[in-house]
Amino acid sequence: MLRDAEPQPVRLADYRPPDWLVDTVDLDISLHPTATRVIARLGMRPNPRGREGAPIVLDGDELELKSIALDSGALPAEAYAVTASSLTVLAPPQQPLMLEIETEVNPSANTKLMGLYRSSGAYCTQCEAEGFRRITFFPDRPDVLAIYTTRIEASREEAPVLLANGNPVETGMVDGADRHYAIWHDPWPKPCYLFAMVGGRLERVIEPFVTASGRAVELGIYVEPGKAERASYAMDALKRSMRWDEEAFGCEYDLDVFNIVAVADFNMGAMENKGLNIFNDKYVLASPESATDADYANIEAIIAHEYFHNWTGNRITCRDWFQLCLKEGLTVFRDQEFSSDQRSRPVKRIADVRLLKSHQFPEDAGPLAHPVRPDTYREINNFYTATVYEKGAEVVRMLKTLLGPEEFRSGMDLYFERHDGQAATIEDFLACFADAAGADLTQFARWYAQAGTPTVSVAGEWDEVAQTYRLDISQHIAPTPGQPDKLPMVIPLRIGLIGPNGRDMPVGAPDGGNARDGVLVLSEPRQSFTFAGVTERPVPSLNRGFSAPVALKTGLSSEDLLFLARHDADPFNRFDAAQTLALAHLVEATEAARAGRAPAAPAALINALGSVLTDTALDPAFIAQALTVPSESDIAREIGADVDPDAVFTARTALRRALGRALAPELASAYERFATPGPYSPDAAAAGRRALKNGCLDLLAVSREADGIARTVALYRAADNMTDRFTALAILAHSAPEERDAALADFHARFRDDPLVVDKWLALQAQIADAGTLDRVRALTAHLSFSMGNPNRVRALIGSFAAANQTQFNRADGAGHAFVVDAVLALDSKNPQVAARLLAAFKSWRSLEPVRRASAEAALKRVASTTGLSPDVSDIATRSLA
C-alpha cells in the first residue's frame, strides 16, 4: 500500500464537480465484532460535467480491501492502486458500470466513533462528515447522491434488531446458521454522509403518526433494554415537531417509518441520517428523577432539529462542506422557531442570544474566527462551530427580518421546490429569496463571507425646536485571521422610541435611509436617520429582539438604561438593558478587585432588578433570566484584553452576594410563592416557575448565610425531581463548602448506576471555582464512573473544567492548561474529534493577562510540536497560534 502525502488545505475556490456519479448503492453488511464484511455494489457513470477520461478515485480510511470487481469481472492488480486513503481504478471504461468492492473493518477497535463502531454491544454508524469512507471505498463528498439498498446480516442473539435508512423491505433467517438478515431501501437519493445502520439488542417505543396528506408513518425510538419508559418525552417532541413543520413550512414526512436510536457512545449530539436518526442518549432519555428542565428542553429542541433536517439537509443537501451552514444554520433557525412556539418566545430569544454571545462572539474575536461559510479548511470536523450553527441561524433570521414573514416563506417554498433532490450552495439559497421577493441580496451575502462581529455605534440627538430626533449610526468590523480589511454589512436594526411615559412613541419612517416596519437597514459605514414629529425627548430602544448579531455601543446613560429596564415594551431589550448595566458595573468591579479595592454596590441596578422580581405581570421564566448575572465569559468579552479570571470571578460573586443580601425578603417570598405543587411536569410554565424559584434560592445562598444554606439543604433532601435536587446540589457545591462533600457523596450513591446523571455529578465538580478543583478532577479521572473512552464522560469532566471553570483552567501557575493539554494528547490517537474540541477551549487565550497568556501559549506550542498529531488537533493548535 502506498503512503499518502501530507494533507493539504481544501479551498472553496478549487471546487470542481465529481468525475464520476453514483446512481445506486447496494450494500451487503455482515456484522462481526472484529471482522465485519462489507460488499458495496456501486452503479456508476461518468459525470458529463467532470473531466473526460478520468479515473475512478474513491476515498478510504483504515479499510482492508478484500476484492474488487468491475462489471462482474475481477480487476487485475495493475488496474487499480490502493493507498491509506484512496482506491483508484486507473482506466475504467467511460460508460455506466458496476463496481463491486469487498472490505473488512473492525468495529470493536474503532475508538474514533466514525464509520462503523460498537456502543454498549450494539453496532452503529456515524458518517458525517467523512465517516462513510471508514466503511467502504466511496467518493465521500456530499454532492454525490445515490439511492441506497442495504442488507444487514448478524447473529440473531447478538443483534436481534437490524435497522438502516429508508423503508423495511424483507427480513429472514440465514440458512444453516443462527444468523438473520434485514433489507432496507431508501427511495430518496442522498449523499453517503447520511447513510446509517444499527444492529443490536434494543427496546422499541412505537407510535403511529398520520401526515397532513394522510400518509401513515410508524415512529420508533430504540433504546437500551430497560430504558423505554424514559423515551416518552422524546416521542412526544417528535410528533409535535412533525406537525409543526407541516404547519410552519409545509414540509411533510416522506417515508413509511421514522426511527431514532439512542446510543451511549457518540461524538456529537445527534445525526439526521435519512429515516434513521442516531442520537447521543442524553438527548433522548428523560424522566423526572433523572432529567432537569434544561434536559427536557434540549431533548425537545434536538429531536426537532434532527427531524427538520429531513428537508433542510437531506432532501436538499449541501454541495460541499463549505456550505455546511446551509443545512446547519438554517435548521438551527427552524428549531429555534419551533421551541419559541412551543415555549415562551421572549425567553427562548434571550437564551439563544446568551448562547451566541458566550460561545460565538468569543470565537469571532479569537484566532479561530472564520466566516459562516469558510473558504478554506484543513479538517472539516473542526468547523462544526457556533459560527456555522448559531451565527448561521442569525443570518437566516436577519433575512426574515429584512424581507418580512410572507416574502421569507415564499423564498423558502421556492427553495424547496427548486432544489429538492439537489446538493445546493449558499448562492442557490439566496437566489430563491431574491427571486421570490424581488430583492438584491448581493451585499447581504457578505454575512456568509466575512468573519467577525460587527460593532454598531449609535448616537442620538433630540432637537426640541425642530421636534426631530436623529440617530447617527456607524458600523465597523475588526480584522480577523486572513481578513484584514472588511466591507460594510447589511444590518437590520429594529428600533423603537420610548417617551417619558414609558410607552412607544408613534413615529413615521425616518429620513436618511432604508426603513421598514420599525427596522432601520444599515448598509454604509456611516448613516443618519431623522424622525420628525418627536415632541418629547425619547429614549431609543435599539436592536430590538436582537435583530442583528452585533455588538451595540449606544452611549446611553445609566439613567436611560434603567428607564429601558423598567419600561421597554420589547422583552429582550428590557432584559438587555439590565445586563448592560450589570456588565458596566462588573467591568469596574473587576478593575477594583485587581487593585485590591471593594467596589460599591450598584444600588440603582439592584433596585431595578427588585422591581422586575416583584412585577407580577412578568413571566417567571423571564424574571429568572433577568436576575441571572452576566457570566464570567460575558465579563471577559466586555473587558476584551488583559483579563484576570480571578478578578472577574471575585467581581461577579460580589455582585451576586449584594443582590442576595439587598433583595433577601423579596427573594425569600418569591422562593415560597413559585414553588410548583403537584406531580412534576416539564411544560414551559412549570419549568419557568422552577427556574425563578431556584434562581432566588441561589442568590439567597451565595452569601453563605445560614438561612439560605438551610433552605438549600432542605430542598436537596425533599426534592421529587432532578431539577430541584441538582440545583440544590450545585448551590451547595459552589456556596457551601462545609456541606459540599457529603452532598456530592449522597448524590453519587443515589445515581451511580445512571451514567447520564453521573455526568452531571462529574461536570459540577469540574466547575467549582476552588483551588482544590484541579486535584479533584485529576482524582475523578481514575474514578470507576469515568472513562476516557466515552465522549460524554470526557466532555462532562474535562470539557467542563476547560470551558466552564475559567479561574481553575486559567490558573496562574499553568497547571490547568497543562492538565487539559495532557488530556488532549492522550485522547488524540483514540478520538481526535473529541480531543480537538477540548483544545478549542484555548480559543480566547490571547485576551488573558500576560502570565496566563504565556502559560496558554506554551501549552498550545507543546501540542503543536508533538509528532504524529491527528489533522483535527494539529489544525486547532496551528490556527490558535497563528
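From a predicted model like this one, the values you see are computed outputs, not experimental measurements.

Caption draft 1: Looking closely at the pairing of strand β16 (residues 197-200). Side-chain alternation along β16 places M197 and G199 on one buried face and V198 and G200 on a second face that is also buried. Pairing of strand β11 (residues 122-126) with β16, which is carried by 2 bridges, proceeds in the antiparallel orientation. When the bridges of β16 are listed, C124 appears paired with V198. Where strand β13 (residues 161-164) lies against β16, 4 bridges are found, and the strand directions are antiparallel. Among the inter-strand pairings, L162 is bridged to a residue of β16, identified as G199.

Caption draft 2: Summary view of the pattern of salt bridges. A full pass over the atoms with the stated rule returns 76 salt bridges. Here E638 makes a salt bridge to K553, at a shortest N to O gap of 4.0 Å. On the criterion of sequence distance, the pair formed by E638 in helix α13 (residues 632-639) and K553 in strand β32 (residues 551-553) is long-range, its members being 85 residues apart. For E638, a relative accessible area of 38% puts it in the partly exposed group. With a relative accessible area of 41%, K553 lands in the partly exposed category.

Caption draft 3: Geometry of the sheet that holds strand β25 (residues 455-463). Here 4 strands make up an open sheet; going across it, the order is β30-β26-β25-β32 and the pairing mixed. With one partner strand each, in any of the chains shown, β30 (526-532) and β32 form the two edges of the open sheet. On average, each strand axis in the sheet is tilted by 20° relative to the strand beside it, whichever way the strands run. By the bridge criterion, 7 bridges tie strand β26 (residues 468-476) to β30 in an arrangement that is antiparallel. In the strand pairing of β30, T468 is matched with A532.

Caption draft 4: Examining the packing of aromatic side chains more closely. For the coordinates displayed, the defined rule picks out 30 aromatic pairs. Between F572 and F575, the ring centres sit 6.0 Å apart and the planes meet at 55°, which makes this aromatic pair tilted. Of the two residues, F572 and F575 both sit in helix α10 (residues 571-594), 3 residues apart, roughly one turn of that helix. In this structure, F572 and F575 share a single accessibility class: buried. Put simply, the rings of W244, F249, Y253, F258, Y307, F308 and F338 touch in pairs and so form one group of aromatic residues. The ring of Y123 has R118 lying over it, and the distance from NZ or CZ to the ring centre is 4.8 Å. The ring of W188 has R315 lying over it, and the distance from NZ or CZ to the ring centre is 3.8 Å.

Conventions and cut-offs
Residues numbered from 1 in each chain as written. Predicted model: local features only at pLDDT ≥ 70, side-chain atom pairs only at ≥ 80, totals over all residues. Heavy atoms only, no water. Buried < 20%, exposed > 50% of the residue type's maximum accessible area, 1.4 Å probe, protein only. Helix = DSSP H or I, 4+ residues; strand = E, 2+ residues; numbered from the N terminus. Pairing = 2+ DSSP bridges. Salt bridge = Lys/Arg side-chain N within 4 Å of Asp/Glu carboxyl O. Axes fitted to C-alpha atoms, helices over the stretch in contact; angles between N-to-C directions. Phe/Tyr/Trp six-rings, centres within 6.5 Å; stacked < 30°, edge-to-face > 60°. Lys NZ or Arg CZ within 6 Å of the ring centre and 35° of its normal.

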